[in-house]
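# Observations on chain architecture
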Amino acid sequence: MIAWSAMISGYSRLGMVNECFELFREMQKTEVVPDKVTMVSVILDCAMSGALDLGRWVHAYIDKRSIENDLKLSIAFVNMYANYEYVEKVIEVFKVMPFKYAKAWSSMIVDLAVNGLAEYALMTFF
């Protein structure tokens, strides 16, 4: 599992979105269950590549497989949904975060503001 995760993360960091998705599909065929680190890379690629439908599927997959949803994973979801101006999902993900550290607040506010949703960002802050 570590090798799969390292390769998927590497592709993601290099901006090799198609390779990341392809390797993730291959991983699923072998029935290796990904961990939260792998899923963060896949979600970030969904955000970068315009693959909202895949990102929503990944979100459901994580829930179905009961993969631990930690701060990094939650922030990746906030980033992805904010990129698509999907405010309802941004707020939904934020509300169910187990802990809302400063990084979570910052991410939500910045992601909303950068994606043309400054009004929502300000409402969140105040």
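Relevant structure appears above.
This one's a predicted model, so the numbers in the text were calculated from it and none came from an experiment.

### Focus on the layout of surface pockets
The calculated volume of the largest pocket comes to roughly 170 Å³. Around the largest pocket sit S9, S12, R13, K36, V37, V40, S41, L44, D70 and K72, which together line it. Of all the elements in the fold, those that place two or more residues in the lining of the largest pocket are α1 (2–13) and α3 (36–49). Classifying every residue of the lining of the largest pocket gives 3 nonpolar, 3 polar and 4 charged.

### Some remarks on the side chain of S107
Within the secondary structure, S107 is located in helix α7 (residues 102–114). The residues contacting S107, other than those within four sequence positions of it, are I75 and V78.

### Observations regarding the pattern of salt bridges
Enumeration according to the criterion identifies 5 salt bridges in this entry. With its nearest N and O atoms 3.0 Å apart, the salt bridge here joins E68 to K36. Taken together, the residues E68 in the loop between α4 (52–65) and α5 (71–83) and K36 in helix α3 connect sequence positions 32 residues apart. Residue class for E68 comes out exposed when judged on its relative accessible area of 51%. Between K36 and D70 there is a salt bridge, and its shortest N-O distance comes to 3.5 Å. Here K36, found in helix α3, pairs with D70, found in the loop between α4 and α5; they are 34 residues apart in sequence, far enough to count as distant. Under the relative-accessibility criterion, K36 is labelled partly exposed at 25%. Look at the salt bridges and you will find they share partners, linking K36, E68 and D70 into a network.

### A look at α7
If you check α7, its first and last C-alpha atoms are 18 Å apart, about what 13 residues at 1.5 Å a residue would give, namely 18 Å. For α7, the set of buried residues is A104, S107, M108, I109, D111 and L112. Of the residues one or two after α7, G116 is the one with positive phi, at around 80 degrees.

### As for the packing of α1 against α3
Geometrically, a packed helix pair is captured by the angle between its two axes and the distance between the axes. At a minimum axis separation of 9 Å, α1 and α3 run at an interaxial angle of 25 degrees. Our classification of the angle between α1 and α3 gives roughly parallel. Considering only the axes of α1 and α3, their crossing is left-handed. On the side of α1, the interface is formed by S5, I8, S9 and S12, while α3 contributes V37, T38, S41, V42, D45 and M48. The residue makeup of the contact of α1 with α3, split by class, is 4 nonpolar, 5 polar and 1 charged.

### Structural notes on the packing of α5 against α7
Where α5 meets α7, the closest approach of the two axes is 9 Å, and the angle between their N-to-C directions is 10 degrees. The orientation of α5 relative to α7 falls into the category roughly parallel. Of the residues in α7, those in contact with L71, I75, V78, N79 and A82 of α5 are K103, A104, S107, M108, D111 and L112. Here the contact of α5 with α7 is composed, by residue class, of 7 nonpolar, 2 polar and 2 charged.

Reading the values: rules and limits
Residue numbers here run from 1 along each chain, matching the order of that chain's written sequence. With the structure being a predicted model, the display of local features is reserved for residues of pLDDT at least 70 and the display and counting of side-chain atom pairs for 80 or more, all residues being used for whole-chain, interface and lining totals. With hydrogens and water excluded, all non-hydrogen atoms of the structure serve as input to the side-chain values. Using protein atoms alone on a 1 Å grid, points that fit a 1.4 Å probe yet trap it form a cavity, whereas open point sets bounded by protein on both sides within 12 Å along at least five of seven lines form a pocket; residues with an atom within 4 Å of a point count as lining. Grid points are joined across faces, edges and corners, and a volume is the space filled by probe spheres set on the points. The way it works is that DSSP assigns letters per residue, a run of H or I at least four long becomes a helix, a run of E at least two long becomes a strand, and they are numbered from the N terminus. Each residue is assigned to one of three groups, with Ala, Val, Leu, Ile, Met, Phe, Trp, Tyr, Cys and Pro labelled nonpolar, Asp, Glu, Lys and Arg labelled charged, and all others, Gly among them, labelled polar. Should any heavy atoms of two residues lie within 4.5 Å, those residues are considered in contact. Note on definitions: salt bridges are taken to be side-chain nitrogens of Lys or Arg within 4 Å of carboxyl oxygens of Asp or Glu. In this scheme, a residue with accessible area under 20% of its type's maximum is buried, one over 50% is exposed, and one in between is partly exposed, where area comes from a 1.4 Å probe on protein chains only. For a helix, the expected span equals 1.5 Å multiplied by the number of residues minus one. Think of each axis as a best-fit line through the C-alpha atoms, taken over the contacting stretch in the case of a helix, with angles from 0 to 180 degrees between the N-to-C directions. Note on angle classes: values under 35 degrees are labelled roughly parallel, values over 145 roughly antiparallel, values of 65 to 115 roughly perpendicular, and the remainder oblique. The sense of a crossing depends on the near helix, which, turned anticlockwise from the far helix by less than a right angle, makes the crossing left-handed and, turned clockwise, makes it right-handed.

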